[in-house]
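The residues making up each chain are set out below.
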Amino acid sequence: MLRFRSLGQRAGVLVALSGASLASGCATASSITPQQEAQLGAQYAAEINQQLPIVQNSAVHSYINQLGRSIASRVDPRLTYTFYVVNSDEVNAFAVPGGYIYVNRGLIERAATMSELAGVLGHEIGHVVERHGLEQMARMQNTELGVNLAYILLGRQPGALESLALQGGAAVFFASHSRADENQADEVAVQYMVQSGIDPNGIVAMFQRLIDEQQRSPSTVEQWFSTHPLTQDRIQHVQSLIDRLGATSNLRRDSEEYQAFRNRVRQLPR
Ligand code: ZN
């Protein structure tokens, strides 16, 4: 369980939203500035990093950040993106507002080429750019989870009962994205990859791999499927977008650096 009790104490660094809109419970994702989003994300990431087994290997950390930022910096200069590898065999990746993206080693070990991992990173970057996480938080405004956003942004120390309500806060990032959000994240991922010179067919290859794995061993990919609904339709949608773009043969599909990175990840102690 993720804890958020200390968030209120550090709230001095957080800029309160216009108090009126929050107090009346109608904060929307669009009323949060990129600066506020970055601060909010940094708070969540600090808590998440205490709870998850983050890989500390500097070569691994450096490669995934280099690859992820090569995509994100072209499309979203508002935020500085940070990527973390989580030492978990389960296949999953998730994004926190503010540009914090987490990828499990289980997913990296299954991504045979650089473009397959880049496809997942592009998809997660898409969730951040399109502010899907922030919107989910705002939608939950009147539920226990939504209380979290209000209090963090108001910068008020929550009381004991309120703290209880805040405990499940980051669960919002593990909640399922809608099919519309998934399609949108896929669409922008295709654009981002092409802009970054990476073959977007990596998205299709990776998704197909995940669907195949679901048939063989459903439990290893359960986390991914529960947060990112994935169907054959969605893969066909991505494929049709790529087909419309025309030739992709000049785009990068794999690299020696990626294979060295993947080998390193494979050799990490479990
Ligand atoms: Zn998704």
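Keep in mind the model is a prediction, meaning the values are calculated, not measured.

Protein ligation of the zinc ion involves His123 (NE2), His127 (NE2), Glu182 (OE), Glu182 (OE) and His228 (ND1), the donor distances falling in the range 1.9 to 2.5 Å. Going along the chain, you hit the donors of the zinc ion in the pattern H-x3-H-x54-E-x45-H. Taken together, the positions of histidine 127 in helix 5 (residues 114-129) and histidine 228 in the loop between helix 11 (222-227) and helix 12 (232-245) put the pair 101 residues apart, joining distant regions of the chain. Of the two residues, histidine 127 and histidine 228, both sit in the buried class.

Moving on, we come to the nonpolar core. Leu117 and Trp224 are the most contacted members of the largest nonpolar core, which totals 51 residues. Residue contacts for tryptophan 224: discarding those within four places in its chain leaves Val91, Asn92, Ala93, Leu107, Val120, His123, Glu124, Phe207, Leu210 and Leu230. Residues Ala29, Tyr44, Phe94 and Val96 belong to the second largest nonpolar core, which totals 15 residues.

So, on to the pairing of strand 1 (residues 82-86). Within strand 1, five of the five residues are buried, which leaves the element mostly enclosed by the surrounding structure. Side-chain alternation along strand 1 places Thr82, Tyr84 and Val86 on one buried face and Phe83 and Val85 on a second face that is also buried. In the sheet, strand 1 pairs with strand 3 (residues 100-104) via five bridges, with the strands oriented parallel. Bridging across to strand 3, valine 85 finds its partner in valine 103.

As a working rule, side chains carrying opposite charge can pair if their charged atoms are close by. For the structure on display, the rule yields 11 salt bridges. Glutamate 37 is the partner of arginine 78 in a salt bridge, and the nearest nitrogen-oxygen pair spans 3.8 Å. With arginine 78 in the loop between helix 3 (58-75) and strand 1 and glutamate 37 in helix 2 (residues 34-51), this residue pair connects regions lying 41 residues apart in the sequence. Beyond isolated ion pairs, a larger network of salt bridges with shared partners links Glu37, Asp76, Arg78 and Arg131.

The rules behind each value
Residues numbered from 1 in each chain as written. Predicted model: local features only at pLDDT ≥ 70, side-chain atom pairs only at ≥ 80, totals over all residues. Heavy atoms only, no water. Donors = N, O, S within 2.8 Å, 3.2 Å for Na, K, Ca; no water. Helix = DSSP H or I, 4+ residues; strand = E, 2+ residues; numbered from the N terminus. Buried < 20%, exposed > 50% of the residue type's maximum accessible area, 1.4 Å probe, protein only. Core = buried A, V, L, I, M, F, W, Y, C linked by side-chain atoms within 4.5 Å. Contact = heavy atoms within 4.5 Å. Pairing = 2+ DSSP bridges. Salt bridge = Lys/Arg side-chain N within 4 Å of Asp/Glu carboxyl O.

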